[in-house]
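Chain by chain, the residues run as shown.
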Amino acid sequence: MHGAPGIGAGPLSGAMLFDGAADYVSVAYNATNGLYPTDTAFTVSAWFKTARTSASEQVIVSTHGADGGADGYIMAVDTITLGGKLRWSGICASSGEVVSVSAVNDGRWRHAVGVWDGASAVLYIDGVLQGQSSDSGIAVYTNRCFFGVGYTENSDTPEAPAS
């Protein structure tokens, strides 16, 4: 853990609270720890809340480096080009990104689920299907970026969801 994330009540008691500036969790790349699937289906699930409207990409969970090109997976709230919508890409090596129907930076707790089944990327928010996209191939981790919660590996400062 980095910074001073707090433990809050949230929807699930014991949830971590990130300050939106320097609090995040990272785990070094390890091909065998289960955080870096290549050709097996996987699901990423997270509760988050943000009201940030300033231009940023608030990473919820990622193995994709901001400067890393087309590898890893990422779930993030994008206020730079998507107006606060959530984006999910199961394997960044393809063009299978899914974007939420509506903005999610409204200060409410949200539950997001991103699925990659080997052929498509699917995104749900609060149990409602947001969309799916063809996303086939094998996930690659050429840049061996950290697994991050509230963080994506880059040369600048961490990007984290606001609490």
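Structure first, text after, so check above.
Along each chain, residue indices are assigned from 1 in the same order as the chain's sequence is written. Reporting in this predicted model follows two pLDDT cut-offs: at least 70 for local features of residues, and 80 or more for side-chain atom pairs to be given and counted; totals over whole chains, interfaces and linings ignore these cut-offs and use all residues. In computing side-chain properties, one takes all heavy atoms of the structure into account and sets aside hydrogens as well as water.

Participant: Just checking my understanding: could you explain the overall build of the protein chain for this structure?
Facilitator: Helix numbering and strand numbering both begin at the N terminus, where a helix is a DSSP run of H or I of at least 4 residues and a strand a DSSP run of E of at least 2. When helices and strands are counted, the protein chain shows 0 helices and 12 strands. The order of α-helices and β-strands along the protein chain, N terminus first, is β-β-β-β-β-β-β-β-β-β-β-β. Counting over 163 residues, the protein chain shows a buried share of 45%. Computed by Shrake-Rupley with a 1.4 Å probe, the accessible areas treat only the displayed protein chains as cover when residues are assessed. Total accessible area computed for the protein chain in this model is approximately 7400 Å², and 54% of it derives from carbon and sulfur atoms. Only protein chains enter the calculation, and the probe is 1.4 Å; a residue is then buried if its accessible area is under 20% of its type maximum, exposed if over 50%, and partly exposed in between.

Participant: Before we go on, may I ask you to explain the pattern of salt bridges in this structure?
Facilitator: For this analysis, a salt bridge means a side-chain nitrogen from Lys or Arg found within 4 Å of a carboxyl oxygen belonging to Asp or Glu. Going through the model one piece at a time under the given rule, you end up with 5 salt bridges. A salt bridge links Glu 57 to Arg 87, with the nearest nitrogen and oxygen atoms 2.6 Å apart. Placement of Glu 57 in strand 5 (residues 57–62) and of Arg 87 in strand 7 (residues 85–89) is noted, with a sequence separation of 30 residues between them. Overall, the relative accessible area of 13% leaves Arg 87 in the buried class. Residues Asp 106 and Arg 110 are paired through a salt bridge, measuring 2.5 Å at the closest nitrogen-oxygen approach. Of the residues examined, Arg 110 reaches a relative accessible area of 10% and is grouped as buried. In this structure, a network of salt bridges that share partners links the residues Asp 106, Arg 108, Arg 110 and Asp 126.

Participant: How do you make sense of the pairing of strand 10 (residues 120–125) when you look at a structure like this?
Facilitator: Taken residue by residue, a regular strand's side chains alternate between the two faces of the sheet. A large share of strand 10 lies buried, amounting to 5 of its 6 residues. The rule for pairing is simple: two strands pair if DSSP sees at least two bridges between them. The sheet contact formed by strand 9 (residues 110–116) and strand 10 spans 5 bridges and is antiparallel. Its bridge partner lying in strand 10, Gly 114 is registered against Leu 123. The antiparallel pairing of strand 9 with strand 10 creates a hairpin that spans 3 residues between the two strands, and Gly 118 there sits at a positive phi of about 100 degrees.

Participant: Before we go on, may I ask you to explain the nonpolar core in this structure?
Facilitator: One recurring pattern in soluble globular proteins is that nonpolar side chains are buried together. Residues enter a nonpolar core if they are buried and are Ala, Val, Leu, Ile, Met, Phe, Trp, Tyr or Cys, with the set joined through side-chain atoms within 4.5 Å. Val 44, Phe 48, Ile 60, Met 75, Leu 86 and Trp 88 are the most contacted members of the largest nonpolar core, which totals 19 residues. Those elements giving two or more residues to this core turn out to be strand 4 (42–48), strand 5, strand 6 (74–78), strand 7, strand 9 and strand 10. Examining the composition of this core, we find that 4 residues originate from one element, strand 4, more than from any other.

Participant: Is there a simple way to think about the sheet that holds strand 8 (residues 98–103) in this case?
Facilitator: Across a sheet, strands are paired by hydrogen bonds formed along the backbone, either parallel or antiparallel in direction. Here we have 6 strands laid out as an open sheet, ordered 3-12-5-6-7-8, and antiparallel in their pairing. Each edge of the sheet is formed by a strand with only one pairing partner; in this case those strands are strand 3 (25–27) and strand 8. When the angles between neighbouring strand axes are averaged without regard to direction, this sheet yields 25 degrees. Here strand 5 pairs with strand 6 via 5 bridges, running antiparallel. Bridge pairing in strand 6 places Gln 58 opposite Val 77. Helix axes use the C-alpha atoms of the stretch in contact, all axes being lines fitted to C-alpha atoms, and the angles between their N-to-C directions lie in the range 0 to 180 degrees.

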